[in-house]
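Each chain, letter by letter, is given below.
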Amino acid sequence: MMEEERKGFPSACPAPSAGREHILLAHGGGGRLMSSLVEKLFLPVFGSRQLGARHDGAVVEAGGRLLAFTTDSYVVRPLFFPGGDIGKLAVNGTANDLAMCGAKPLYISAAFILEEGLPIETLSKVVSSMQEAASAAGVSIVTGDTKVVDKGKGDGMFVNTAGIGVIEHALSIEPASIQPGDAILLSGDIGRHGTAIMAVREGLQFESTIESDCACVAGLVGELLEAGVEIHCMRDLTRGGLGCALVEIAETAKRGIKIEEASIPVAEEVRGACEMLGLDAIYVANEGRFIAFVPEKDSAKALDIMRAHPLGRSASKIGKVAEGSAGLVTLKSAVGTSRIIDMPSGEQLPRIC
Amino acid sequence: MKFIDEYRDGEAARRLAGEIRRITSRQWSIMEVCGGQTHSIVKFGIDQLLPHHINLIHGPGCPVCVTPLETIDKAIEIASRQNVIFCSFGDMLRVPGTSQDLFSVKAKGGDVRIVYSPLDAVKIAKENPGKEVVFFAVGFETTAPANAAAVFQASQEGLKNFSLLVSHALVPPAMEAILSSPNSRVQGFLAAGHVCAVMGYAEYEPIAQKHKVPIVVTGFEPLDILEGIYMCVKQLEEGRAEVENQYARAVRRGGNRHAQELMRRVFCIVHRKWRGVGSIPASGLGLAEEYSAYDAEKRFGLASKSAEEHPECISGLVLQGIRKPFECPQFGKRCTPETPLGATMVSSEGACAAYFRYRFMKQKAEAAESLDGKRG
């Protein structure tokens, strides 16, 4: 479609079409550009039913059992940041993706792409941290791979993890399962990971250090399932944050979503950082937060379970699934007016003034 | 959060909106000058709280939107060169030039970096003595002092590999130009609070007198904007045309003297082209003779080429408040934030992007929902 549109433009057209011939950083930002890459390039070619479900992982059958299967690559800079490091992130991120399919994470792979010159000590620290995170998440790292690239061809190290988990319930946890009237529960305050990373990366100093929320939420999800909460869909709020997660689910399910700004917890220091940088916290990345869509009848019970868990203390109900098939997310603002939550093109850019 | 929540209180907002409704007896058109205010108005839905006969016109105060196409092309040309580290504020990277944007230059291997302060670019210059480091100095009076400080620091330290691509614009001449246009519908202004924090507001007094328009220096939070509108409407209803200061917690009549002195030392006032609006005399800042060695255009010997805007883009009319974004035939059709025809659709402060993000989608939703209702 883009090609067709471009042909119609005169040569002086200022539309940034030339950039679309190359991958831009924004294609990896979790926003509209990435979504269109998935829809227009990957899906038509790979075309499996599981990919089409647009979920955090795939649900597959093997030997009569339902398994969840997922993979994710980690390219975070710096490798170590307040609240975590690339290793902890890689284990928790993959375990969380499995948990979002309603699976109990079991096995994880670890693949390393190392840049020539990386201190062995750095690698050793990352590996220890991965094992620590795996023990805490109750998963085993069972296979792996190591490659080394020339100096300058990698950012210290990149880590890929894939994971397998087992599904022990009969629910279909995916965007298509959400129903009008479903309550949307958020497991905790948002925006910590993204602002923590940005603060270290850019040398921004705040009164208190903002720590990443990097953690494995599989235990908490397990408790919800064990208690019989009828979960319709879950999504962890990584790249693109709460905003992109809601838009993706609304668009996939073709349902409307209504949320209330006042009910979304954001820590003081994160709000301060976002105000300063001109960022909207609802699009900032998290690594230990998720949303769950549950029937209204189960929402009080689910909230109690979340709040009793160390990772869900500030959990709240932020909104509900609306009637209608518009696939749009509407936010009621603090001053009582409403606006649409859309997916940004790529990552948010700090404003000029 | 302290100093934020107080200005976003829903109850107080509704009370102020009620006061505005109470004192408004007829149709008034008020322009908020600054893109930051436009962003707040649309983000918080402030216009939804106002009576129908208050018409808000979105002004030209978005630095991303008014930077001329030619300057973007120059930035792209410099950034594409070997041996250059090109530093810019983040939101300039997505602005379309004639054939590409700075993000594309980066994708093709150009060293384009997002910085948060021009002083970061000075630091990069110090750390990379073998490279030419260029900072894209855009913005209004708000960003000018920091950019002046960067040049001043570079000259104090004798840095030879640092320069600025300058495209600074000044707000009062643009307000004059808008008021002098025969098409102008503006009856009152909300002046840009942060610009006035630097410059003060004495320079707006002759404009208010000459054109008989009230000008209210206004902040950026919902209650600031509502109070600014209230003060402006009150003046209009009472037939007054004065400069008043709503944003007194940040703005003094004389402004920030230190910042002004630094600006005067490093910059001089120049003719300036505003994207979509045209040339406005004495409406920009360029490097003063004494600091011309830091002028990237001179250093890289760039010739001025004129560039044509997309013929279908009406951003000029939008920036002057003559048209609303949705009055453009291409709005939301060929022109979207992913495929912008003009700069006002790019920046988060651009009127078109703000309308698209928060409004257009909603209209689509309502249309779809009413269709659902009919089907049901």
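Quick caveat, the model's predicted, so the values are computed rather than measured.

As a further point, take the overall build of chain A. Along its length, chain A carries 10 helices and 14 strands. Its C-alpha atoms give chain A a radius of gyration of 20 Å, near enough to 20 Å, the size a compact globule of 353 residues would have. Dimensions of chain A, computed from C-alpha atoms along their principal axes, come out at roughly 60 × 55 × 50 Å. The buried share of chain A, taken over its 353 residues, is 55%. Of the accessible surface of chain A, which amounts to about 14900 Å², a share of 53% is contributed by carbon and sulfur atoms.

Attention now goes to the overall build of chain B. Secondary structure summary: chain B contains 16 helices and 11 strands in total. A globule of 376 residues ought to have a C-alpha radius of gyration of about 21 Å, and chain B, at 21 Å, matches this closely. On the principal axes, the C-alpha backbone points of chain B span a range of 65 × 55 × 45 Å. Residues classed as buried in chain B amount to 61% of the 376 residues present. Restricting to contacts in chain B with at least 6 residues of sequence separation, those with at least 24 account for 78%. Of the roughly 14600 Å² of accessible surface on chain B, a fraction of 51% belongs to carbon and sulfur atoms.

With that out of the way, let us pick up the domain arrangement of chain B. Residues and elements named next belong to chain B. Here chain B is described as being made up of domain 1 (1–314) and domain 2 (315–375). Counting residues at the interface gives 36 residues for domain 1, matched by 28 residues for domain 2. Regarding the contact of domain 1 and domain 2, the summed buried area is about 2900 Å², with carbon and sulfur atoms giving 59% of it. Counting across the domain 1 and domain 2 interface gives one salt bridge. R334 is the partner of E312 in a salt bridge, and the nearest nitrogen-oxygen pair spans 3.2 Å.

Another aspect to go through is the sheet that holds strand β6 (residues 140–149) of chain A. All names here are of chain A. Spatial ordering of the open sheet is given by β1-β2-β7-β5-β6, a layout of five strands whose pairing is mixed. The sheet terminates laterally at β1 (58–62) and β6, the two strands that pair on one side only. This sheet shows a mean twist of 20° between the axes of neighbouring strands, independent of strand direction. The sheet contact formed by strand β5 (residues 104–115) and β6 spans nine bridges and is parallel. Counted as the bridge partner of F112 is T146 from β6. Set on the sheet, helix α4 (residues 86–100) makes contact with β2 (65–74), β5, β6 and β7 (157–166); between it and β2 the angle comes to about 150°.

A few words on the nonpolar core. One finds I78, F86, F189, Y204 and I215 of chain B to be the most contacted residues of the largest nonpolar core, which totals 58 residues. The residues that make up this core include at least three from each of domain 1 (1–314) and domain 2 (315–375) of chain B. Not counting the four nearest positions on each side in its chain, I215 of chain B is found in contact with M175, F189, A191, Y204, I207, A208, E242, V243 and E244 of chain B. Judged by nonpolar contacts, the second largest core, of 47 residues, contains A90, F112, A137 and C216 of chain A.

Attention now goes to helix α5 (residues 69–79) of chain B. Buried residues dominate α5 of chain B, accounting for nine of its 11 residues. For α5 of chain B, the set of buried residues is L69, E70, T71, I72, K74, A75, I76, I78 and A79 of chain B.

Turning our eyes to something else, we now look at the environment of E242 of chain B. Residues and elements named next belong to chain B. Its place among the elements puts E242 in the loop between α12 (222–238) and β9 (243–245). In this structure E242 comes out as partly exposed when scored by relative accessible area, which is 35%. Residues E242 and Q209, spaced 33 residues apart in sequence, show a C-alpha to C-alpha distance of 7.1 Å. Discounting chain neighbours no more than four positions away, the residues touching E242 are A208, V213, P214, I215 and Q235.

This paragraph deals with the side chain of D298 of chain A. By the secondary structure assignment, D298 of chain A is in helix α10 (residues 296–308). The contact partners of D298 of chain A, leaving out residues within four places of it in the chain, are G228, V229 and E230 of chain A.

It is worth spelling out the pattern of salt bridges at this point. Per the counting criterion, the structure on display carries 35 salt bridges over all chains. Between R192 of chain A and E269 of chain A there is a salt bridge whose closest N-O contact spans 3.7 Å. Here the residue R192 of chain A occupies a position in helix α6 (residues 192–201), and E269 of chain A occupies one in helix α9 (residues 268–277), the gap between them amounting to 77 residues. Owing to a relative accessible area of 26%, E269 of chain A belongs among the partly exposed residues under this scheme. Across the salt bridge formed by D111 of chain B and R113 of chain B, the nearest N and O atoms sit 3.0 Å from each other. With relative accessibility at 24%, the residue D111 of chain B sits in the partly exposed group. Taken together, the salt bridges that share partners define one network made up of K234, E238, R240, E242 and E244 of chain B.

The description of an aromatic ring pair uses the distance of the two centres, along with the angle that the planes make with each other. Residue and element names in this part refer to chain B. For the structure on display, the rule yields seven aromatic pairs over all chains. Judged by centre distance (6.0 Å) and plane angle (75°), the rings of F220 and Y247 are edge-to-face. Residue F220 is located in the loop between β8 (215–218) and α12, and its partner Y247 is located in the loop between β9 and α13 (257–266); the two are separated by 27 residues in the primary sequence. Across the pair, Y247 and F220 agree in class, each one buried. Judged by centre distance (6.2 Å) and plane angle (75°), the ring pair of F331 and F356 falls under edge-to-face. You can see F331 sitting in the loop between α15 (315–319) and α16 (351–375) and its partner F356 sitting in helix α16, a full 25 residues away along the chain. Lying over the aromatic face of W28, R26 brings its terminal NZ or CZ to 4.1 Å of the ring centre.

With that settled, consider a nonpolar patch on the surface. All names here are of chain A. Among the surface-exposed residues, L41, F42, V45, F46 and L51 lie close enough to one another that they form a single nonpolar patch of about 500 Å² accessible area. Residue position: F42 is located in helix α2 (residues 32–46). Its relative accessible area of 35% is what places F42 among the partly exposed residues.

Let us now look at the side chain of D56 of chain A. All names here are of chain A. Relative to the elements of secondary structure, D56 occurs in the loop between α3 (49–52) and β1. With relative accessibility at 17%, the residue D56 sits in the buried group. For D56, the residues in contact, after removing those within four places along its chain, are T70, D97, M100, R235 and D236.

Quick look at the pairing of strand β14 (residues 338–341) of chain A now. As judged from the four bridges shared by strand β13 (residues 329–332) of chain A and β14 of chain A, these two strands associate in the antiparallel manner. In the strand pairing of β14 of chain A, T330 of chain A is matched with I340 of chain A.

Analysis parameters
- Residues numbered from 1 in each chain as written.
- Chains lettered and ligands numbered in written order.
- Predicted model: local features only at pLDDT ≥ 70, side-chain atom pairs only at ≥ 80, totals over all residues.
- Heavy atoms only, no water.
- Helix = DSSP H or I, 4+ residues; strand = E, 2+ residues; numbered from the N terminus.
- Rg over C-alpha atoms; globule rule 2.2 N^0.38 Å.
- Buried < 20%, exposed > 50% of the residue type's maximum accessible area, 1.4 Å probe, protein only.
- Areas by Shrake-Rupley, 256 points an atom, 1.4 Å probe, with all protein chains shown as cover.
- Contact = heavy atoms within 4.5 Å.
- Domains from an automatic or database assignment.
- Buried area = accessible area lost by both parts, 1.4 Å probe.
- Salt bridge = Lys/Arg side-chain N within 4 Å of Asp/Glu carboxyl O.
- Pairing = 2+ DSSP bridges.
- Axes fitted to C-alpha atoms, helices over the stretch in contact; angles between N-to-C directions.
- Core = buried A, V, L, I, M, F, W, Y, C linked by side-chain atoms within 4.5 Å.
- Phe/Tyr/Trp six-rings, centres within 6.5 Å; stacked < 30°, edge-to-face > 60°.
- Lys NZ or Arg CZ within 6 Å of the ring centre and 35° of its normal.
- Patch = residues over 30% accessible without salt bridge, like charges linked within 9 Å, V, L, I, M, F, W, Y side chains within 5 Å.

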